[in-house]
Amino acid sequence: MNASRAWAATRKGLFELRRDASGWQIAGVSFLGDPVTMLLPPDAQGFMLAALNLGHFGAKLQASDDAGKTWHELPAPAFPPQPAGAEGPAWSLQQLWALERAGDRLWAGSIPGGLFSSRDRGQSWQLNEALWNDPRRLGWFGGGNDAPALHSICPHPAQPEELLLGISCGGAWRTVDGGRSWALRASGLRAAYMPPEQAGDENVQDPHLIARCAAVPEVLWCQHHNGIFRSADNGASWTELQAQPSSFGFAVAAHPRDPDTAWFVPAVKDERRVPVDGALCVTRTRDGGRSFEALRVGLPQQHCYDLIFRHGLAVDDSGEQLLMGSTTGGLWASADGGEHWQTLSCHLPPIYALKFG
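This structure is a prediction, so every number in the text was calculated from the model and none was measured.

1. What about the overall build of the protein?
Move 1: Helices and strands together make up the secondary structure of the protein, namely one helix and 28 strands.
Move 2: Scaling as 2.2 N^0.38, a compact globule of 357 residues should have a C-alpha radius of gyration of about 21 Å, and the protein matches this with 19 Å.
Move 3: The C-alpha extent of the protein, read off along each of the three principal axes, is 55 × 50 × 40 Å.
Move 4: In the protein, which comprises 357 residues, the proportion classed as buried is 59%.
Move 5: By sequence separation, contacts in the protein at least 24 residues apart represent 48% of the contacts at least 6 residues apart.
Move 6: About 14,300 Å² of surface is accessible on the protein, with carbon and sulfur atoms providing 49% of the total.
Move 7: Here the protein holds 29 positive side-chain charges and 37 negative ones, and the gap between their average locations is 2 Å.

2. Observations concerning the layout of surface pockets
Move 1: Space inside the largest pocket adds up to approximately 1,200 Å³.
Move 2: In this structure, the largest pocket is lined by 44 residues; those nearest its centre are Glu-100, Arg-212, Val-315, Asp-317 and Lys-355.
Move 3: Broken down by secondary-structure element, the contributors of at least two residues to the lining of the largest pocket are strand S4 (36-40), strand S8 (95-102), strand S12 (149-156), strand S16 (207-212), strand S20 (252-254), strand S24 (313-315) and strand S28 (351-356).
Move 4: For the lining of the largest pocket, the residue count by class is 30 nonpolar, seven polar and seven charged.
Move 5: Considering only enclosed or pocket space, the second largest pocket measures out at about 480 Å³ in volume.
Move 6: Every residue lining the second largest pocket is counted, 21 residues in all, and those nearest its centre are Trp-97, Gly-144, Asn-145, Phe-309 and Arg-310.

3. Focus: empty space enclosed by the protein
Move 1: Inspection of every chain in the model, using the stated rule, returns two cavities of 30 Å³ or more.
Move 2: One number sums up the size of the largest cavity: a volume of about 50 Å³.
Move 3: Around the largest cavity, the lining residues are Gly-249, Phe-250, Val-265, Pro-266, Ala-267, Val-274, Pro-275, Leu-280, Asp-306, Leu-307 and Ile-308.
Move 4: Among the residues forming the lining of the largest cavity, the class breakdown is nine nonpolar, one polar and one charged.
Move 5: Looking at the second largest cavity, its volume works out to about 30 Å³.
Move 6: Taken together, Pro-89, Pro-112, Gly-113, Trp-132, Arg-137, Trp-140 and Pro-148 form the lining of the second largest cavity.

4. Structural notes on the packing of aromatic side chains
Move 1: Here the structure, examined in full by the defined rule, presents eleven aromatic pairs.
Move 2: Aromatic side chains Phe-248 and Phe-250 sit 5.4 Å apart centroid to centroid with 75° between the ring planes, which places their arrangement in the edge-to-face category.
Move 3: The buried category is assigned to Phe-248, whose relative accessible area is 4%.
Move 4: For Phe-250, a relative accessible area of 5% corresponds to the buried category.
Move 5: An aromatic cluster of three or more residues is present, and its members are Phe-79, Trp-91, Phe-116 and Trp-132.

5. Let's talk about the sheet that holds strand S2 (residues 13-20)
Move 1: Spatially, S3-S2-S1-S28 is the arrangement adopted by the four strands of the open sheet, whose pairing is antiparallel. At either margin of the open sheet sits one strand with a lone partner, and together these are strand S3 (23-30) and S28. Sheet twist, expressed as the average angle between the axes of neighbouring strands with direction ignored, equals 25°.
Move 2: Alignment of S2 against S3, held across seven bridges, turns out to be antiparallel. Across the sheet, residue Asp-20 finds its bridge partner in S3, namely Gly-23.

6. Things to note about the pattern of salt bridges
Move 1: All told, the structure shown has 13 salt bridges when counted by the stated rule.
Move 2: A salt bridge links Glu-161 to Arg-180; the shortest N-O distance between them is 4.0 Å. Placement of the pair is Glu-161 in strand S13 (residues 159-168) and Arg-180 in the loop between strand S14 (171-175) and strand S15 (183-184), with a sequence separation of 19 residues.
Move 3: Since its relative accessible area comes to 61%, Arg-180 is described here as exposed.
Move 4: One salt bridge connects Arg-174 with Glu-162, and the closest N-O pair in it is separated by 3.1 Å. Of this pair, Arg-174 sits in strand S14 while Glu-162 sits in strand S13, and the two are twelve residues apart along the sequence.
Move 5: A residue is classified by how much of its surface remains accessible, and Glu-162, at 2% relative accessible area, is buried.
Move 6: Here the salt bridges do not stand alone but share partners, grouping Arg-284, Arg-286, Glu-293 and Glu-339 into one network.

7. So, the nonpolar core
Move 1: Residues Leu-14 and Leu-49 are the most contacted members of the largest nonpolar core, which totals 31 residues.
Move 2: For this core, the elements supplying multiple residues, two or more each, are strand S1 (5-10), S4, strand S5 (48-53), strand S6 (59-64), S8 and strand S9 (105-111).
Move 3: Sequence-distant contacts of Leu-14, that is, excluding residues within four places in its chain, are made with Trp-7, Ala-8, Ala-9, Gly-28, Val-29, Ser-30, Phe-31, Val-36, Leu-39, Ala-50 and Trp-71.
Move 4: One finds Ala-253, Trp-263, Ile-308 and Trp-341 within the second-largest nonpolar core, a separate group that totals 16 residues.

8. As for the sheet that holds S13
Move 1: An order of S12-S13-S14-S15 is seen for the four strands of this open sheet, with the pairing classed as antiparallel. A single partner strand is all that each edge strand has here, and the edge strands are S12 and S15.
Move 2: Where S12 meets S13, seven bridges bridge the pair, whose relative direction is antiparallel. Residue pairing across strands places Cys-154 opposite Leu-164, the latter belonging to S13.

Cut-off values and rules
- Residues numbered from 1 in each chain as written.
- Predicted model: local features only at pLDDT ≥ 70, side-chain atom pairs only at ≥ 80, totals over all residues.
- Heavy atoms only, no water.
- Helix = DSSP H or I, 4+ residues; strand = E, 2+ residues; numbered from the N terminus.
- Rg over C-alpha atoms; globule rule 2.2 N^0.38 Å.
- Buried < 20%, exposed > 50% of the residue type's maximum accessible area, 1.4 Å probe, protein only.
- Contact = heavy atoms within 4.5 Å.
- Areas by Shrake-Rupley, 256 points an atom, 1.4 Å probe, with all protein chains shown as cover.
- Lys, Arg positive; Asp, Glu negative; His and termini not counted.
- Charge placed at Lys NZ, Arg CZ, Asp CG, Glu CD.
- 1 Å grid on protein atoms, 1.4 Å probe; cavity = no way out; pocket = protein on both sides within 12 Å on 5 of 7 lines; lining within 4 Å.
- Points joined across faces, edges and corners; volume = space filled by probe spheres on them.
- Nonpolar A, V, L, I, M, F, W, Y, C, P; charged D, E, K, R; others polar.
- Phe/Tyr/Trp six-rings, centres within 6.5 Å; stacked < 30°, edge-to-face > 60°.
- Pairing = 2+ DSSP bridges.
- Axes fitted to C-alpha atoms, helices over the stretch in contact; angles between N-to-C directions.
- Salt bridge = Lys/Arg side-chain N within 4 Å of Asp/Glu carboxyl O.
- Core = buried A, V, L, I, M, F, W, Y, C linked by side-chain atoms within 4.5 Å.

Quick look at the structure:
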């Protein structure tokens, strides 16, 4: 069934979106003026979370029991005291960048590279010490941030104890025992920013985002700093794919039922980070990455400099509806898998994340 509700986390608030016969509309806003870095959409009981980054006042966590009508603050995940002389970045929560649910647990990913879990609906959080204490963590480093960032949490839909993570720059990691042990799953990814002899090092890869096909969970898609990659064996190996007009970008959305279909948003890489030729498009593959098509109908094709952040592209459970939001407050919707796009707004704050809910 096509979704009728979605959420946009932005630089100045959390916007609720509703769809009716005339299309999508902005239905309300929470935390107006505050940066909302991530959200967890409501479950069947209406419980949802919103992560805020209040600068001087730090990272905060808000919860709602009525699908966003009212909110109350919960304790944010916190690192334990940092031992004297401990290597690596400061053990201090800078930002919550991923929120997911799997079975009876909630999971949160942070800058700097921490994974937290909660079994009491966010009333308390525990740092995953097995990953944090892994000596390989000290080889991670920041991509666009000063510290490593854990931005992708991909639960296995049939196995709640299994997760796959994406970390910039720390590669992809998998647990099959609820986080008691971890293994790197980044073989085949390529880090061109490293010396040639280290380009294949699994522990220094920069996946911008990883997305899983819900119906065929062995299939994963990765938008990496150095290109687009696909795995058909649950991350054991990755194959690089070539797309035009560019294989660089931040966002990826995986079709929930079709393992051969995924969407990306190409850009000019590194210093510029704008659409190729000032023309915004979405690239889609429907054959497992053997070919890509550029979808442009309804998107600005002249003097467009909107960048789509890694969580700024979302697909609903039907695989037909897409939402896309940009750093300059553009918001677009498609009801036909990206063939045609409708502009919903050009005037929102910078959009950090979109979620159907």
